[in-house]
Amino acid sequence: MAVADPIVFGAVADRPARVRRGMRMGVWELGGIVVLVLISLIAIFAPLLAPHSTTQPIAVGPFAAPGHGSLLGTDDLGRDILSRTLYGIRSTWLSALAVVGSGIIIGSIIGTVAAMAGGFIDTVLMRTTDLFLALPGPVLAIVAVVALGPSLPHTLLAVGVVWWPWYARIVRGEVRALLARPHVDAARLAGASNFSLARRHLLPGAFPAVLVTGSLDIGNLVLTLSGLSFLGLGAPPPTPELGAMTANGLTYLFGQPWVALVPACAVFVLAFAANLAGDGVRDLLDAV
Amino acid sequence: SSGSSGGGTAASSGAGATTTAAPVAGGSSGTLHLAFLSDMSTPDPDVFYDIEGNTVILSTYEGLVQYKPGTTTIEPLLAQSYSVSKDGLTYTFHLRHGVVFHDGTPFDSAAAKASFQRRLDVDSAPAYMLEPVAQMLTPDKYTFIVKLKQVVTPFLDYLASSWGPKMLSPTAMKAHAGKDFDQTYLNTHDIGTGPYTLTAFDRGSHYTLTRFPKYWGTAPAYQTIDIAITPDMNSQILALKAGDQDAILHSFPTPELASIENDPDLTVDNFDSYLTALLYMNVSSGPLTSLPLRKEIAEAIDVPDLVKEVYGSYGSVAASMYPKGILPPGEAPLSYPAKAVRVNGIKLSFAYTADDSGLQQRLAELIQQKLEGAGFKVSVREVQNAQTYGYPTDVKNAPDLLLETNTPDAAHPDTWGRIVWGTGGGLNFFNYFNPKVDALMDKGRADTDKTTSDADYAKAGEMMAAQDPILFLAYSQNVMVWRKSVTGVTFRPEEPWTVPVQSLAGTG
Amino acid sequence: MLTATRPTPPIEEAPTPSVPALEVKDLHITFPGGVQALRGVDLTVGRGEVVGLVGESGSGKTVLGLAALGLLPTKAIVTGTAALSGIDMVGAPEEVRRQARRDHAGAVFQDPMTSLNPTMRIGRQVAEASGSIESAIDLLDRAGIPDPQRRIKQYPHELSGGLRQRVMIAMAIAGSPDLVVADEPTTALDVTVQSQILNLFRELRDATTSFIFVTHDLAVAREVADRIVVLYGGRVAEIGPTEDVLRAPTHPYTAALLHARLGRHSRRGEPLPTLPGEPPDPRHPAEGCAFAARCSHAEEKCTTALPVLEVTSPTRSVACVRRDEIGAHVTKLRVIESWPAAPEFTSELALQMRGITKAFGRGSARRVAVDALDLDVRKGSCVALVGESGCGKTTTLRMAVGLEKPDDGTVETGRGNPPQLVFQDAGASLTPWLRIGDLMEEPLRNAGLPAKERGQRVKDTLALVGLPDAVADARGAELSGGQRQRVALARAVLIPPTLLACDEPISALDVSLAAVVLNLLGRLSRELGMAMLFVTHDLGAARFVSDEIAVMAGGIVVERGATEEVLAAPTNDATRELLAAVPDFEAAR
Amino acid sequence: MTGLRRFAVERITALFAVLLALTAVVFVLERKVPANPVRALLGTSASATAVAAKKHQLYLDRSLPTQYWHFLTGAITGNLGMSLHTRRPVMSDIGSFLPATIELALTAAVIAAVVGISVGLLTARGRGRATRLGLLAASSVPQFLLGLLFLIVFYSKLHWLPGQGRLSSGVTAPSGPTGLYTVDALLHGEFATFWNALEHLLLPALTLAIIPSVAIARTLRSSLQTTLRADYIRTARAKALPERVVLLRHALRNSAQAPLTMAGLQVGLMLSGVVIVEDIFSFPGLGLYTVRSISTFDLPAVAGVCLVLGAMYVVINALVDLAQAWADPRVRV
Ligand SMILES: Nc1ncnc2c1ncn2[C@@H]1O[C@H](COP(=O)(O)OP(=O)(O)OP(=O)(O)O)[C@@H](O)[C@H]1O
Ligand SMILES: Nc1ncnc2c1ncn2[C@@H]1O[C@H](COP(=O)(O)OP(=O)(O)OP(=O)(O)O)[C@@H](O)[C@H]1O
Ligand SMILES: [Mg+2]
Ligand SMILES: [Mg+2]
């Protein structure tokens, strides 16, 4: 059509640049994303995929090696490791998402408010953030869990409490940078309310940075969470949790290695995929 | 299983008796490498009241009497001989001559008295053993007389107990008394008479015991004993296989033993111990206040099967209300009528204290499985001992079930019954209360005739058992893995996780 | 690929004068995505000569400069040669090019704010080029930086824009290179500073060093260049001695540029002549003359044959197939219909500022940006606010439209719709991730206009600034500079404000675009009867659009009056300075 | 220098805020548990009256605020009370466990910094992909497994490195001022001891370092990529500087902000790792002490540890800010 040309033109200056950078995602990263999608599916459909109960023993009895009557073997109580691992992936994965998600939401709100309000409110909010940032998360988690009793919510609470400040800082930084940009003044002159200013003209700009951090964080979280669960700070038994399963299995490492290794490898795959995908997303969004 | 292991014990103790003579000089066998899974609280014998660490206490300090290895019979130690008056109130000890403390002070009745006195002064956990003492007399240098307020039949067992009163050098005590009766000093040093003296106490890292040249008895074979703190069982196993460690004293995961048995350098010793697994039921609050339900649980978990699956050949179904061997066989017997139970969805909260062998957790999860199978809704959680001690004061918030493995302070029924089910007993977590039982135990405690006294305790046990406030699950054995080159391994059922070091010897 | 260990060919110490400083032959540069930045450029820069490289945005000036320096991005696909003192800077291996850069080249880039390393003292940065701190001090001195001894210890952010550019220049001339490429070295600076920098360039001229001076402003080129090279669509349109080219352009595009430029003589009250249409799309270049689409002389053959650069006189060459027919009378852009008559000025005020004071920072860092300033704008009139950089223009403007609260004083805007602002960088004033349509509907929604009317209103307004509806579906980044400017304007006048404030709306635009924008402003203000507050440091523009001029200096208005009078007889030094600084186009050299 | 003073004041107030909050949290949480540390202290055979007496002596029968106040007043005078488990002043406990952890963490931090920076530089322009992927994989192995694998491979199978503790048995610890065996050994010129200590540090430090090193490498890489697009880099190239100089002198320092922040965060996160690593490698450090204190409900010890850790966190953050100010003159502390 008539107007096609002029619109296409300007693209030259900017669009090729962006596309070019975007294309820099490697096969590994792509693989990571694919695996991650699979994992998410597993997480969602674990109940359907798991061949056996996660708590009751199966026919073959305890310490059955992989292949003998059950794909990945059975643990010290004769429970099917495959089924337990599937559920373990589910809980680890969903927990990681939950923590990052809550971190992003809380962080975005506080960060945006601080940046937009500025002055005293900004100071107060940021000092509080720093305070939370300075809390030694693991200790908090340990204390909280020992005190409130081991349960996933408690662990997530403890971790979440120390996780959001990070995002609050990022969002505040981004938003403040954006606030200096003319398009915000333009929006103000267009009569935008503070809320729509934040929602339409600021947050979308901060999103890439947040998304990148978030996607890179998930790997960390998978490890942190399974680490805590390994220390017995996760859900109580017999709930299948990868960290706890490994910890329990390590008791039999030399005689029946699979009991520990299967869940541990699940953690590895989860973390590795998340890390790769994180790098992928970063490469995609970083340059924008 | 117990028979075989009993044989094992006898054999190895015999070996110990023969091989203690020739000390091995220098060389790698000059040092024995042991490991603890956790730091010991303190090497102070009047404060120490844990299990891990006994080896250090018992090789640096000695009491007046001790248990004969592998038995419950009391034999002299720093007391050459002793006599108890008819009325059972006066104990007279004839002390061994030529014993010197590690600081060179000679041992005598004054020292004995001072040592007893300190325990009372420090007034920490093990002080209760000397509470009955009314008066201490030292008629001469080598006679020490103790008069009690009332008859306390376990008194001699207290003295033989690993937590019992030990002999400390009076001069050293004066020298380092400070404001806290030497507690600061003894937190890192020893002033005992034992075959070894504590030359390094590097908290959290390792302890070093060095042979005491002036030891009165047969000199132990090893010049030094190095005890590393290795909190992770797997790295202990690796260290053992790599030859950096000579033994794993306890908590060895039994399913792993297969990987040891075909190792030419290692051997497995398993000993009967007083370690007993108990399942407490909350009789003071919650659903389990009802006796029938408690019975149903007892039936549902099917103890024999449970024990077989978890302990295999390293434990046996608890045959009595008391740890194995404390009472004459057949006293206070137990039976476990297993039968299919069907309840619908009664909720139970179930707590267990974890150990390093994974045994306790496995036990707990299995019990949960069985109860769930019977239709209960069970929520399990691991708890710490300090938490369980909070239960008696707060039974409302306490769980309905509690799994524990315990051991008595000494080989006397009173040190078990009074604490586990006696009113106000330290291990009576859910405040089980039965005046008749208490009365019987008091009677037994005051009875100088052992047979009738034992009978009273047995009776008390049976009466209690009828109520099923506690299920006695298993006698657990103490499985040790030793380097074959180390001989003379003996064991006292009263002292789990502990090895009497004097009798050890290294070949090559 | 390239390794530093690769042996470098010996480079003759003093290149014989026969070897030109730069010799570009049939240079083609294409970027991934099919952007044909350069399409066969031939160019020779003799020793000690200053070549002005002019052309509109996107014509390939920067790319050509980078090619000469051997700094093209590796992904660029290159054919042809660009020989710097005999060394091919597009073909040779990196290490060779580096050597050549070190021995023969220097560069000054457009934005002094971003072109210096913010974490390194400037002394060190210059020394990196010159070899020693002493020589660095010396160079800074030559570059006209007062008290270089002290300056070398400072960081870039502690220097003003002008000083930073001088630092860049000092680095460029270090080791007296054969060629210095200066890419729009003054575009980011305001007039007064610009003229100083231009003077510096003149002073730096000597027999050995040649300059390529990239600019889109013919007047600026005229100030410094011996020869002018006009680029269009990645090809050379015309080459010749500066004076000749400016007096008698032989390429229609050059002529158009000259004509579109506003200066003393461009008549007020009527539109500027402008180039019709859009710049060419470098991804789909016409197979004929790139300018044909916009050329008033264009004919059939123009669109078919690619015009080659032909020598017309010993000193001049031009690339136009019709150069003979057009001959001398290239000029005459068709002038668009004139504006509607300006509405009568009423005495009613669109803006009244009284005793406005604004300061930034606290304590020692406190500095007064605007100091007890009074300013009136009558309905329908246009007031130009001029003054050197940092004198407080933008701040005043922002307070006028209510983006800043004055510390002291009152701002009253006349009855009617709230004032609007046109930003210096139109592109930046468009939220990048929102479609133009959304952006333009926003004020309407906030003004409570029913959903169905909005779409129509947006269409109408886009039409008003001469944009197709389809623009509404694009995002800012997908538009050309000119289109963004128009969108920004359209957005400002969606709800015609009583006062339209403009913050240097054309200072970043090249000539033809500036003309378009000025025309738009002129027409809209008349059609919609808006008063305008027009910030600029370009007195030419001020004169063209405004009825009154207010000259600011140090946060206060030092002189104001009817435009003509003020410009004819300035009574204030600040005003005189500004006037003197304007690159004087018509006056003879 | 007013800027620095304000900074210091700010940070010290922050410090106290954090410590107050932290200890308060710990107190409330710990007291929510129906635990009875005194019974643990006095043993199962102690009489109820003895328990009560001890409770009173330890302030455990007072109201929570009273206890907290008691603790705070003590803490201000440097007295964190007695550990219920070791029967020693918490101060001296921490004093004996902290150095090990600090030594471990420092070593790990150094490794992380070196590896992170070099990999970041290496991969900034797309090269060193294999290295990056390798590290990424390593950093995805859960520490509890990684440590064990190291132990099995380098200690058990290859016998290259020791697997337990800070020193081999028989080697006496240097009686040094710092408590960091490596440093002290060097100070005393006991090189054998130094090597021994270093060998013992290597595996645990490596296990601890991998995740941070990847995090640093990753942030450095991405900010380098942004920096390398900056105009002043083009200027540097126009100055004909060798690419290496451009990268190290011009790009690196301008890309330091994000990695520094990340480094600070990572040092913070290290603690959870420390617990696991110290457990696997039998490293007598604060991590183990913390876990042990918590599991024995050793309230004074836990509170004390939290104080120390909180303080360390704040200090680390402060250091990071200073480093950032140093790296970029425009940032002022
Ligand atoms: N790195 C690059 N990647 C892709 N396209 C590029 C790149 N650099 C320049 N271009 C394209 O090459 C063409 C010429 O760009 P160049 O910067 O030389 O124009 P210019 O004359 O300098 O314009 P301006 O006056 O705006 O600086 C433009 O279309 C631009 O989009
Ligand atoms: N947001 C701000 N914070 C601090 N100082 C500011 C701010 N905005 C402007 N200033 C200072 O106020 C003075 C006036 O700035 P202003 O932008 O109004 O000048 P200007 O005439 O628009 O300059 P230019 O022609 O370069 O745009 C300058 O010295 C500037 O440094
Ligand atoms: Mg350019
Ligand atoms: Mg301005």
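Counting from 1, residues in each chain are numbered in the order their sequence is written. Note on labels: chains are lettered from A, ligands numbered from 1, in written order. Only residues with pLDDT of 70 or above have their local features reported here, since the model is predicted, and side-chain atom pairs are shown and tallied only from 80 upward, although totals for entire chains, interfaces and linings are computed over all residues. Note: side-chain values were computed over all heavy atoms of the structure, leaving out hydrogens and water.

**Student:** How do you make sense of the sheet that holds strand 6 (residues 133-140) of chain B when you look at a structure like this?
**Tutor:** Sheet strands pair by backbone hydrogen bonding; their relative direction is either parallel or antiparallel. Residues and elements named next belong to chain B. Reading across the sheet, the four strands line up as 4-5-7-6 and stay open at both edges, with antiparallel pairing between neighbours. Of all strands in the sheet, those bounded by a partner on one side alone are strand 4 (79-84) and strand 6. Sheet twist, expressed as the mean angle between neighbouring strand axes with direction ignored, is 20 degrees. Of the strand pairs in this sheet, strand 5 (residues 90-95) and strand 7 (residues 143-148) are connected by five bridges, and their pairing is antiparallel. Bridge pairing links Y91 to V146 in strand 7. Packing of helix 3 (residues 109-122) onto the sheet brings it into contact with strand 5, strand 6 and strand 7, and relative to strand 6 it is tilted by some 165 degrees. Pairs of strands are assigned from DSSP output, requiring at least two bridges between the strands. Under the DSSP-based scheme used, a helix requires at least four consecutive residues in state H or I and a strand at least two consecutive residues in state E, with every element numbered from the N terminus. To obtain each axis, a line is fitted to C-alpha atoms, and for helices this fit is confined to the stretch in contact; angles are then taken between N-to-C directions over 0 to 180 degrees. Whether two residues are in contact is decided by their heavy atoms: any pair within 4.5 Å suffices.

**Student:** Which parts of the structure should I look at to understand the site of ligand 1?
**Tutor:** Residue proximity to a molecule or strand is established when one non-hydrogen atom of the residue lies within 4 Å of it. Taken together, 17 residues lie near ligand 1, and S57, G58, K61, T62 and V63 of chain C sit nearest. Residues within reach of ligand 1 are spread across chains A and C. Polar contact criterion, stated in full: a pair of N or O atoms within 3.5 Å, where within protein one must be able to donate a hydrogen and the other to accept it, and residues adjacent in sequence count only if both atoms are side-chain atoms. The side chain of E184 of chain C places a nitrogen or oxygen atom 3.0 Å from an oxygen atom of ligand 1. Accessible surface area values rest on a Shrake-Rupley calculation with a 1.4 Å probe, where residue burial reflects the displayed protein chains alone. Contact with the protein chains removes 77% of the 630 Å² of surface that ligand 1 exposes when unbound. Those elements giving two or more residues to the shell around ligand 1 turn out to be helix 2 (11-22) of chain A together with strand 2 (35-45) and helix 1 (61-69) of chain C. By residue number, the principal contributor to the shell around ligand 1 is helix 1 of chain C, which donates three residues. Split into classes, the residues belonging to the shell around ligand 1 amount to eight nonpolar, five polar and four charged. In this count, Pro and Cys sit with the nonpolar residues alongside Ala, Val, Leu, Ile, Met, Phe, Trp and Tyr, while Asp, Glu, Lys and Arg are called charged and the others, Gly among them, polar.

**Student:** Help me understand the nonpolar core in this model?
**Tutor:** Side chains of nonpolar character tend, in soluble globular proteins, to be buried together. To qualify as a nonpolar core, a set must consist of buried Ala, Val, Leu, Ile, Met, Phe, Trp, Tyr and Cys residues joined through side-chain atoms within 4.5 Å. Relative accessibility thresholds used throughout: buried, under 20% of the residue-type maximum; exposed, over 50%; partly exposed, between the two (1.4 Å probe, protein chains only). L27, I29, V41, L64, L179 and L500 of chain C are the most contacted members of the largest nonpolar core, which totals 143 residues. Element by element, the count of residues in this core is highest for helix 18 (residues 511-528) of chain C, at eight residues. Those residues in contact with V41 of chain C that sit more than four places away from it in its chain are V24, K25, D26, L27, L64, L231, G234, R235 and V236 of chain C. Listed in part, the 140 residues of the second largest apolar core include F201, I229, F271 and A458 of chain B.

**Student:** Quick question: what am I supposed to make of the site of ligand 2 here?
**Tutor:** All names here are of chain C. Near ligand 2 the following residues occur: F360, R367, A369, E388, S389, G390, C391, G392, K393, T394, T395 and E504. A distance of 3.4 Å separates an oxygen atom of ligand 2 from a polar backbone atom of C391. The contact in question runs from an oxygen atom of ligand 2 to an N or O atom on the side chain of E504, over 3.3 Å. No other element matches the three residues that helix 14 (residues 393-400) contributes to the shell around ligand 2. Split by residue class, the shell around ligand 2 holds three nonpolar, five polar and four charged.

**Student:** Would you take a moment to explain the interface of chain A and chain D for this structure?
**Tutor:** Where interface size is given, it is often the accessible area lost as the parts come together that is meant. Listed as interface residues are 49 residues of chain A and, on the opposing side, 45 residues of chain D. In the sections that follow, a salt bridge refers to a side-chain nitrogen of Lys or Arg positioned within 4 Å of a carboxyl oxygen of Asp or Glu. Put simply, chain A and chain D have four salt bridges between them. Measuring nitrogen to oxygen at the nearest pair gives 3.0 Å for the salt bridge that ties D279 of chain A to R132 of chain D. In this structure, the connection of chain A to chain D is made through six residue pairs in polar contact (both at pLDDT 80 or more). Elements represented by at least two residues in the side of chain A that touches chain D include exactly helix 3 (27-49), helix 5 (119-134), helix 6 (137-148), helix 7 (152-179), helix 9 (194-230), helix 10 (242-250) and helix 11 (258-286) of chain A. Considering only residue class, the side of chain A that touches chain D consists of 32 nonpolar, eight polar and nine charged.

**Student:** Mind showing me how you'd approach the packing of aromatic side chains here?
**Tutor:** The relative placement of two aromatic rings is captured by the distance of their centres and the angle of their planes. Classification of ring pairs rests on two measures: the distance between centres of Phe, Tyr or Trp rings, Trp counted by its six-membered ring, which must be within 6.5 Å, and the angle between planes, read as stacked under 30 degrees, edge-to-face over 60 and tilted in between. A complete count under the given rule lists 32 aromatic pairs over all chains for this structure. Here the aromatic rings of Y280 of chain B and F429 of chain B are separated by 4.9 Å at their centres, their planes lie at 75 degrees, and the arrangement is edge-to-face. Placement of Y280 of chain B in strand 12 (residues 266-281) and of F429 of chain B in the loop between helix 13 (414-420) and helix 14 (435-445) is noted, with a sequence separation of 149 residues between them. No difference in accessibility class separates Y280 of chain B from F429 of chain B, as the two residues are buried. With a centroid separation of 5.6 Å and an interplanar angle of 80 degrees, the aromatic rings of F201 of chain C and F211 of chain C are classed as edge-to-face.

**Student:** Mind showing me how you'd approach the environment of V126 of chain C here?
**Tutor:** Residue and element names in this part refer to chain C. With respect to the helices and strands, V126 occurs in helix 4 (residues 122-130). Judged by relative accessible area, V126 falls into the buried class, the value being 0%. It is 30 Å that separates the C-alpha atoms of V126 and A219, two residues lying 93 residues apart in sequence. Aside from chain neighbours lying at most four places away, what touches V126 is A136, L139, L140, V167 and M171.

**Student:** Hey, could you run me through the interface of chain C and chain D in this one?
**Tutor:** Facing 23 residues of chain C, the contacting portion of chain D comprises 18 residues. With both chains or domains summed, chain C and chain D bury close to 2000 Å², and 58% of this area falls on carbon and sulfur atoms. Counting the contacts that link chain C with chain D gives two salt bridges. The partner of E128 of chain C in a salt bridge is R249 of chain D, and the shortest N-O contact between them spans 2.5 Å. For the side of chain C that touches chain D, the element with the highest residue contribution is helix 4 of chain C, accounting for four residues. Tallied by class, residues from the side of chain C that touches chain D come to eleven nonpolar, six polar and six charged. Using a 1.4 Å probe, buried area is obtained as the accessible area two parts lose upon being combined, added over both of them.

**Student:** Help me out: how do you make sense of the environment of A75 of chain D in this one?
**Tutor:** Residue and element names in this part refer to chain D. With respect to the helices and strands, the residue A75 is situated in helix 4 (residues 64-76). As for A75 and M91, which are separated by 16 residues in sequence, their C-alpha atoms are 9.7 Å apart. Setting aside residues up to four positions removed in sequence, A75 forms contacts with L80 and L307.

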